[in-house]
Amino acid sequence: MMSALPSLGFAGIGLMGLPMCRRLLAAGYSLTVWNRDPRKCAPLVAAGARQVAAPSQLCEQADLVLLCLANTEVVREVVFGAAGIAEGARPGQLLLDLSSLEPAATREMAATLARDTGMGWVDAPVSGGTQGAEAGSLAIMVGGEPADVERVRPVLLAMGQRVTHMGAVGAGQVTKACNQMIVACNALVIAEVVALAERSGVDARLLAEALAGGFADSRPLQILAPQMAESRFEPVKWHVRTLLKDLDGAVKLSREQGAATPISGLAAQLMRLHGGQGYLEKDPATLVRLFRDPSAG
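Residues numbered from 1 in each chain as written. Predicted model: local features only at pLDDT ≥ 70, side-chain atom pairs only at ≥ 80, totals over all residues. Heavy atoms only, no water.

Engineer: Can you lay out the nonpolar core for me, pointing to particular residues and giving the numbers?
Structural biologist: Among the nonpolar cores identified, the biggest contains 35 residues, and Phe10, Met20, Leu24, Leu66, Leu98 and Leu156 are the most heavily contacted of them. Only strand E1 (8-11), helix H1 (17-26), strand E2 (31-34), strand E4 (64-67), strand E5 (94-97), strand E8 (138-143) and helix H7 (146-157) provide two or more residues apiece to this core. Element by element, the count of residues in this core is highest for H1, at 5 residues. Contact partners of Leu66, with chain neighbours within four places excluded, come to Leu8, Gly9, Phe10, Ala11, Leu24, Leu96, Leu98, Val155 and Met159. Counting residues in hydrophobic clusters, the runner-up holds 28 residues, among them Val183, Ile190, Ala229 and Val288. (Core = buried A, V, L, I, M, F, W, Y, C linked by side-chain atoms within 4.5 Å. Buried < 20%, exposed > 50% of the residue type's maximum accessible area, 1.4 Å probe, protein only. Helix = DSSP H or I, 4+ residues; strand = E, 2+ residues; numbered from the N terminus. Contact = heavy atoms within 4.5 Å.)

Shown next as structure tokens:
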């Protein structure tokens, strides 16, 4: 049965890409990997993956090429830059983008790739963080042609517990923007709440337990509130810069669509303030320092 599985290429072996690739290898997929820093591929090569020196080489043996990259600019470079995926792409192959990008840029790049190479594009951003990637419990929101989405669904289900087809190419990215608006605003309110509880003489370490099961409960609350209350900011599980990038993208999308997003706009300003204080590469749990008395931070 393993021979019936499509062969996969994967670009972007980072905080999310590494556990995703481990899930794919465990599911029996043949995997070829590339990363800008080739050293990050070492654990996967040791587990049976094949490593290549350029993104274009991912297309040599792969039916599907997966991306998990930082932002729109990086995806554009890896796909269309020198020795990029477009140089090796051929009709019948699919690009499956797990990154979080601007919807308009996704649609434009998908059209260009299809026109120039015949390679299709499915956008499938994910939610659930590194914990979800490790457990294979990610929520995955997908944009693409129905036949393409069904073709990649088994691959996605090796990494996630829920795969929802939201519409045409770019629809997955719109849904991810909505997701990130909720997550980022939630993270900032949780930081406010922890700092308020501390100032009021309440043990903030009990907040997540006290609110569990009520209307205020959420996965961010259960993950972030204890970390914030304990000032436990390592290891970094995700980055402030990622939330800021996604908030900026959501605000840009809202302007394009003529929609009002004042709460997310304020969240972006606060996130930028925090990032400007040296926290861009830090965990969002550090957001509590925005609201604490400086002597307690």
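Engineer: Run through the UniProt feature "domain: 3-hydroxyisobutyrate dehydrogenase-like NAD-binding" (unreviewed entry) in the chain, naming residues and quoting values.
Structural biologist: With numbering aligned to this structure, UniProt lists the feature "domain: 3-hydroxyisobutyrate dehydrogenase-like NAD-binding" (unreviewed entry) at residues 170-290. Helix makes up 67% of residues 170-290 and strand 0%, whereas the separation of the span's terminal C-alpha atoms amounts to 34 Å. (UniProt positions renumbered as here; feature names shortened; annotations may be inferred.)

Engineer: Give a description of the packing of helix H8 (residues 171-199) against helix H12 (residues 262-279) that names residues and reports values.
Structural biologist: Relative orientation of the contacting elements H8 and H12 amounts to 60°, with a least axis distance of 10 Å. In terms of orientation, H8 lies oblique with respect to H12. Relative to H12, the crossing made by H8 is left-handed. Residues Met181, Ala184, Cys185 and Leu188 of H8 lie in contact with H12, whose contacting residues are Ile263, Ser264, Ala267, Leu270 and Met271. Broken down by class, the residue content of the contact of H8 with H12 amounts to 8 nonpolar, 1 polar and no charged. (Axes fitted to C-alpha atoms, helices over the stretch in contact; angles between N-to-C directions. Parallel < 35°, antiparallel > 145°, perpendicular 65-115°, else oblique. Left-handed = near helix turned anticlockwise from the far one by under 90°. Nonpolar A, V, L, I, M, F, W, Y, C, P; charged D, E, K, R; others polar.)

Engineer: Describe the pairing of E1, with residues and values.
Structural biologist: The alternating pattern of E1 places Leu8 and Phe10 on one face and Gly9 and Ala11 on the opposite face, and all of these are buried. When E1 meets E2, the two strands line up parallel, connected through 4 bridges. Pairing of Gly9 across the sheet is with Thr32, part of E2. This β-α-β element, E1 to H1 to E2, shows right-handed connectivity. Bridge analysis of E1 against E4 gives 4 bridges, and the strand direction is parallel. In the strand pairing of E4, Leu8 is matched with Leu64. (Pairing = 2+ DSSP bridges. Right-handed = clockwise from strand over helix to strand, strands pointing away.)

Engineer: Report on unusual backbone geometry, specifying residues and quantitative values.
Structural biologist: For the peptide bond that leads from Glu234 to Pro235, omega is -5°, which places it in the cis range. By secondary structure assignment, the location of Pro235 is in the loop between helix H10 (219-229) and helix H11 (240-257). Located in the positive-phi region is Ala83, a residue other than glycine, with phi close to 60°. Checked against the element boundaries, Ala83 lands in the loop between helix H3 (72-80) and helix H4 (85-88). Within the chain, Ser231 stands out as a residue other than glycine whose phi angle is a positive 50°. Structurally, the position occupied by Ser231 is in the loop between H10 and H11.

Engineer: Describe the environment of Leu25, listing the residues and the values that go with them.
Structural biologist: Within the secondary structure layout, Leu25 lies in helix H1. Considering only alpha carbons, one finds Leu25 and Ala158, 133 residues apart in sequence, at a separation of 9.5 Å. Setting aside residues up to four positions removed in sequence, Leu25 forms contacts with Leu31, Leu44, Ala47, Gly48 and Ala49.

Engineer: Describe in detail helix H5 (residues 103-117), supporting the description with residues and values.
Structural biologist: Along its 15 residues, H5 runs 21 Å from first to last C-alpha, staying within 8% of the 21 Å computed at 1.5 Å per residue. Looking at H5, one finds that the buried residues are Pro103, Ala105, Thr106, Met109, Ala110, Thr112, Leu113 and Thr117. In this fold, the buried residues of H5 make contact with H3, H4, E5, strand E6 (120-123), H8 and H11. Once H5 ends, the next one or two residues include Gly118, with phi positive near 85°. (Expected span 1.5 Å × (residues − 1).)

Engineer: Give a description of the side chain of Ser56 that names residues and reports values.
Structural biologist: Inspection of the secondary structure assignment puts Ser56 in the loop between strand E3 (50-51) and E4. Its relative accessible area of 15% is what places Ser56 among the buried residues. In this structure Ser56 touches Ala83, Gly84, Ile85, Glu87 and Gly88, once residues within four positions along its chain are discounted.

Engineer: So what's going on with the packing of H11 against H12? Which residues, and what values?
Structural biologist: Taken N-terminus to C-terminus, the directions of H11 and H12 make an angle of 150°; their axes are 9 Å apart at the nearest point. Accordingly, the angle class assigned to the pair H11 and H12 is roughly antiparallel. For the crossing formed where H11 meets H12, the hand is left-handed. Where H11 approaches H12, its residues Val240, Leu243, Leu244, Leu247, Asp248 and Val251 are matched on the opposing element by Ser264, Gly265, Ala267, Ala268, Met271, Arg272, His274, Gly275 and Tyr279.

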